[in-house]
Each structure stands twice: as structure tokens, then as C-alpha cells.
Amino acid sequence: MKYKTIKTEVTFFLKDHVKHAFSTAADVLRQEGVIGLIRKFFRYYLFSLILMPWLILEAKKITRNSSLKTIVHFGLADNFGLLHSGQIKSEIHTLLSIVKTLSPKVIVEIGTAAGGTLFMLSRVLEPKGILISIDLPYGKFGGGYHVWKIPLYKSFATEKQKIYLLRADSHKLMTFNKLKQLLDKQLVDFLFIDGDHSAKGVMKDFKMYSGLVKKGGLIAFHDIVSCGKSSDCKVDVFWNKIKRTYQHQEIIHDESQEWGGIGILKW
Ligand SMILES: C[S@@+](CC[C@H](N)C(=O)[O-])C[C@H]1O[C@@H](n2cnc3c(N)ncnc32)[C@H](O)[C@@H]1O
């Protein structure tokens, strides 16, 4: 690794993690006092650091040959708060079974947060495939993930897979260019859009990244079900506007649910 890259990573770590740690510590101290702070410190840092190697080993036990039921169970479990996902079980199970039929070599996920979908997608990706995540640290609709989770997320790669983590705003041209560079002229088999859930935000992701998807590939959006008028989540508004222009499928567990739902476009 070049000196400049190391310097950038260290600066990013200091800005990102230390700043956040201090503001969180101040909040906890104000609300829960010194004992609360000590308790949280042990729980959050030491507990997480001890548990991470265990979780990496547990994740490795689940392979591409494991059943989708096992893969989904692990991806949705709380895993001590270190790895989980805000997906509805039957919906993500159906989506993964569809994605698997593509034998995908290239998957891009916008919005990773607690890593559950990243883990599950790695288990339907081909053995030499690449999986690229774009997630904005402290982004809306989930908050991104801390820098110390990078080794955990990277460890999801099995066999000769490669996982790249772009911790950046998907709407920035620089992020798009970085992705193109990583793709190195390959097209995307499956694009999962689960980042900025505002109508403009999801539209922008769709406009910017759909051109990288190969003909016959798939683009899926999470949260196509209306989350209510007061919510900022407006994927349903975007989805209902565009879905009829394409061959599409909706995966909705229960028509009365007020969140979730996955919309798929055949590209
Ligand atoms: C709902 S979470 C993703 C959940 C994940 N796919 C799962 O189900 O396990 C949404 C994530 O999108 C990220 N995000 C929001 N706006 C973004 C943007 N403009 N660019 C990249 N990521 C963004 C947030 O930081 C958050 O981590």
C-alpha cells in the first residue's frame, strides 16, 4: 500500500471514528453517567472486538453451497449487533433465489449498513465474482458502518471472490468513477439499490448506475411498499412511476405491511 493511501485511510479513520466515538461518549455520559459510559465502552468496543473473530469464523462456515434458508437465517440474525439486516425473511429469500439463477459474476449493492445483505449476496455470487458495496458513513436511512467493520465485511469473500467497500456518497461522480475503475469494463449482473430512500435519491441511484447493468441483468429496489405519508422513505413513489416501463416483479410478503417489499426490474 502506498504511503499516500495509508495516510488517507488513517486520516479518514481519525475523522470518522474518533469524532463519532467522542460525541457518542459525551451523549452517554450526559444521559447515563460514568457507570453507563464504562458499561457501554466494554459492551461496544471490547465485546465487539472479541466477538468479531468469532463472527468471521461463523460466517465462513456458511458457504455458497449452504441452503438459502441457512444463509438468510444468518444474514438476518442479530449476531450480537455486529451483523444483521432490515429485510423481511421471505422477501430476501425469494430475491436471493432469483439472483442465484443468474449465476452472477458482478454484484453491486448501494446501501450496506449492518452488512446482512452484503453477506447474503456474497453467498449467491459466483466463486470468482466481485461484490462491490457503496455506503455513505452516517448516511440517512441506516447510518452506514464503522471503519472497524471493514475486516468483517471483507471476510465474507469465499473462494476467489473479491469484495470492495466504497464508503462514499453514491450520488457523487467520484464514487461512480471509482466503481467503473473497479469494474474494469465488466458489466453488472445484479444491482441492489437500498441506499438513499428519498424519491430523488433513489431516482439518482437508478439513473447513475443502471447503465452499468448488463442486458438480461436485474436491478432491485428495497422498500417499495409505502412507509406512510410522514416518512422520508419514498421509494414507493419512485417505483410506482417507473415500474410499468420495464418487465418487473414485486416481492411483497404481506399486502398489509407498511414497510419493505422488493421491486425487481429485468434489464
Ligand atoms: C437501509 S440501509 C441498507 C440496509 C442493507 N441493505 C440491509 O438490508 O442489510 C441504507 C444505507 O444506505 C446508506 N446511504 C444513504 N444515503 C446514501 C448515499 N447517498 N450513498 C451511499 N449510501 C447511502 C446509509 O448510510 C445506510 O447505511
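Rules of the game
Starting from 1, residues in each chain are numbered consecutively following that chain's sequence as written. Under the rules for a predicted model, residues below a pLDDT of 70 receive no local features and side-chain atom pairs below 80 are neither given nor counted, while totals for whole chains, interfaces and linings still include all residues. The side-chain numbers reported here are obtained from all heavy atoms of the structure, hydrogens and water having been left aside. Numbering of helices and strands runs from the N terminus; a helix is a DSSP stretch of H or I covering at least four residues, while a strand is a stretch of E covering at least two. Residues adjacent in sequence count toward polar contacts only when both atoms are side-chain atoms; beyond that, a polar contact is any pair of N or O atoms within 3.5 Å, and within protein one must be able to donate a hydrogen and the other to accept it. Residues count as neighbours in contact if any of their non-hydrogen atoms are within 4.5 Å of one another. Note on definitions: angles span 0 to 180 degrees between N-to-C directions of axes, and those axes are lines fitted to C-alpha atoms, for helices only across the stretch in contact. Oblique is the label for any angle not covered by the other classes, which are roughly parallel (under 35 degrees), roughly antiparallel (over 145) and roughly perpendicular (65 to 115). Left-handed describes a crossing whose near helix is turned anticlockwise from the far helix by less than a right angle; the clockwise case is right-handed. Just so you know the grouping, Ala, Val, Leu, Ile, Met, Phe, Trp, Tyr, Cys and Pro go in nonpolar, Asp, Glu, Lys and Arg go in charged, and all remaining residues, Gly too, go in polar. One side-chain nitrogen of Lys or Arg within 4 Å of one carboxyl oxygen of Asp or Glu is enough to make a salt bridge. Only protein chains enter the accessibility calculation, which uses a 1.4 Å probe; a residue whose area is less than 20% of its type maximum is buried, one above 50% is exposed, and one in between is partly exposed. Each domain's extent was defined by an automatic or database domain assignment. By convention, the term buried area covers the 1.4 Å-probe accessible surface removed from two parts as they join, with the contributions of both added. Here the arc refers to the directions that run from the helix axis out to each C-beta atom. The cutoff for a nearby residue is simple: one of its non-hydrogen atoms must lie within 4 Å of the molecule or strand. Where accessible areas are quoted, they stem from the Shrake-Rupley method and a 1.4 Å probe; at the residue level, only the protein chains shown are allowed to cover. In this description, a nonpolar core means a group of buried Ala, Val, Leu, Ile, Met, Phe, Trp, Tyr and Cys residues linked to one another through side-chain atoms lying within 4.5 Å. Patches draw on residues past 30% relative accessible area with no salt bridge. Two like charges within 9 Å are joined, as are two nonpolar side chains (Val, Leu, Ile, Met, Phe, Trp, Tyr) within 5 Å.

Q: Help me out: how do you make sense of the side chain of glutamine 87 in this one?
A: Structurally, the position occupied by glutamine 87 is in the loop between helix H2 (68-76) and helix H3 (89-101). Within polar-contact distance, the side chain of glutamine 87 engages the side chain of histidine 222 at 3.2 Å. Discounting chain neighbours no more than four positions away, the residues touching glutamine 87 are Leu76, Ile92, Thr117, Phe192, Asp194, His222, Trp259 and Ile262.

Q: What should I look at first to understand the packing of H2 against H3 in this one?
A: Two measures define how a pair of helices packs: the angle their axes make with one another and the distance between the axes. Packing of H2 against H3 brings their axes to within 10 Å, and their N-to-C directions diverge by 130°. Comparing the axis directions of H2 and H3 gives the class oblique. For the element pair H2 and H3, the recorded crossing hand is right-handed. Contacts between H2 and H3 pair Leu68, Lys69, Val72 and Leu76 from the former with Lys89, Ile92, His93, Leu96 and Ser97 from the latter. Of the residues belonging to the contact of H2 with H3, the class tally is five nonpolar, two polar and two charged.

Q: Looking at this model, I keep getting lost on the pattern of salt bridges. Mind explaining?
A: Pairing of side chains with opposite charge becomes possible as their charged atoms draw close. Under the criterion given, the structure shown has seven salt bridges. The closest approach of N and O atoms between glutamate 58 and lysine 61, which form a salt bridge, is 2.7 Å. Of this pair, glutamate 58 and lysine 61 both sit in helix H1 (residues 3-61), three residues apart, which is roughly one turn of that helix. For glutamate 58, a relative accessible area of 22% puts it in the partly exposed group.

Q: Help me out: how do you make sense of the domain arrangement of the protein in this one?
A: Note on interface size: it is often stated as the accessible area lost on association of the parts. Segmenting the protein into domains produces domain 1 (1-61) and domain 2 (65-266). Facing 17 residues of domain 1, the contacting portion of domain 2 comprises 19 residues. Carbon and sulfur atoms supply 70% of the area that domain 1 and domain 2 bury against each other, a total of about 1,700 Å² over both sides. Where domain 1 touches domain 2, the interface holds two residue pairs in polar contact (both at pLDDT 80 or more). Here the side of domain 1 that touches domain 2 is built from residues that sort into 10 nonpolar, three polar and four charged.

Q: How should helix H6 (residues 173-183) be read in this particular structure?
A: Structural remark: α-helix, 3.6 residues per turn; residues separated by three or four positions point the same way. Listing the buried residues of H6 in full gives Thr175, Phe176, Leu179 and Leu183. Considered in projection along H6, the buried side chains sweep an arc of 100° and stay on one side of the axis. Opposite the buried face of H6, at more than 90 degrees from it, the exposed residues are Leu173, Met174 and Gln181. Contact partners of the buried residues in H6: strand S1 (106-110), strand S2 (130-134), strand S3 (162-166), strand S4 (188-193) and helix H7 (199-209). Downstream of H6 by a residue or two, aspartate 184 has a phi angle that is positive, lying close to 50°.

Q: Looking at this model, I keep getting lost on the site of the ligand. Mind explaining?
A: Around the ligand, the surrounding shell holds 26 residues, and the nearest of these are Asp135, Gly144, Asp169, Ser170 and Asp194. The side chain of aspartate 169 places a nitrogen or oxygen atom 2.9 Å from a nitrogen atom of the ligand. At 2.7 Å from a nitrogen atom of the ligand is found a side-chain nitrogen or oxygen belonging to aspartate 194. Starting from 600 Å² of accessible surface for the ligand in isolation, the protein chains cover 93%. Split into classes, the residues belonging to the shell around the ligand amount to four nonpolar, 16 polar and six charged.

Q: Is there a simple way to explain the nonpolar core in this structure?
A: Grouped together as the largest cluster of nonpolar side chains are 39 residues, with contacts concentrated most on Leu95, Phe119, Phe156 and Phe190. Sorting elements by how many residues they give to this core places H3 first, with five residues. Both domains that meet at this core, namely domain 1 (1-61) and domain 2 (65-266), each give it at least three residues. If you look at the next biggest cluster of nonpolar residues, it comprises 28 residues, including Phe176, Leu212, Val213 and Ile242.

Q: Looking at this structure, how should I read a nonpolar patch on the surface?
A: Residues Leu29, Val34, Ile38, Phe41 and Phe42 make up a contiguous nonpolar surface patch of roughly 480 Å² in combined accessible area. On the secondary structure map, leucine 29 appears in helix H1. The class for leucine 29 is partly exposed, based on a relative accessible area of 40%.

Q: Would you explain the environment of isoleucine 132 in this entry?
A: Its location among the elements puts isoleucine 132 in strand S2. Look at isoleucine 132 and you get buried, because its relative accessible area is 0%. For isoleucine 132 and leucine 165, which are 33 residues apart along the polypeptide, the C-alpha to C-alpha distance reads 5.9 Å. Residues contacting isoleucine 132, with those up to four places away along its chain left out, are Ile107, Val108, Glu109, Tyr164, Leu166, Leu179, Leu182 and Leu183.

Q: Looking at this structure, I do not really get the environment of serine 48. What am I missing?
A: Residue placement: serine 48 occurs in helix H1. Its relative accessible area of 7% is what places serine 48 among the buried residues. Sequence separation between serine 48 and leucine 82 is 34 residues, and the spatial gap between their C-alpha atoms is 7.2 Å.

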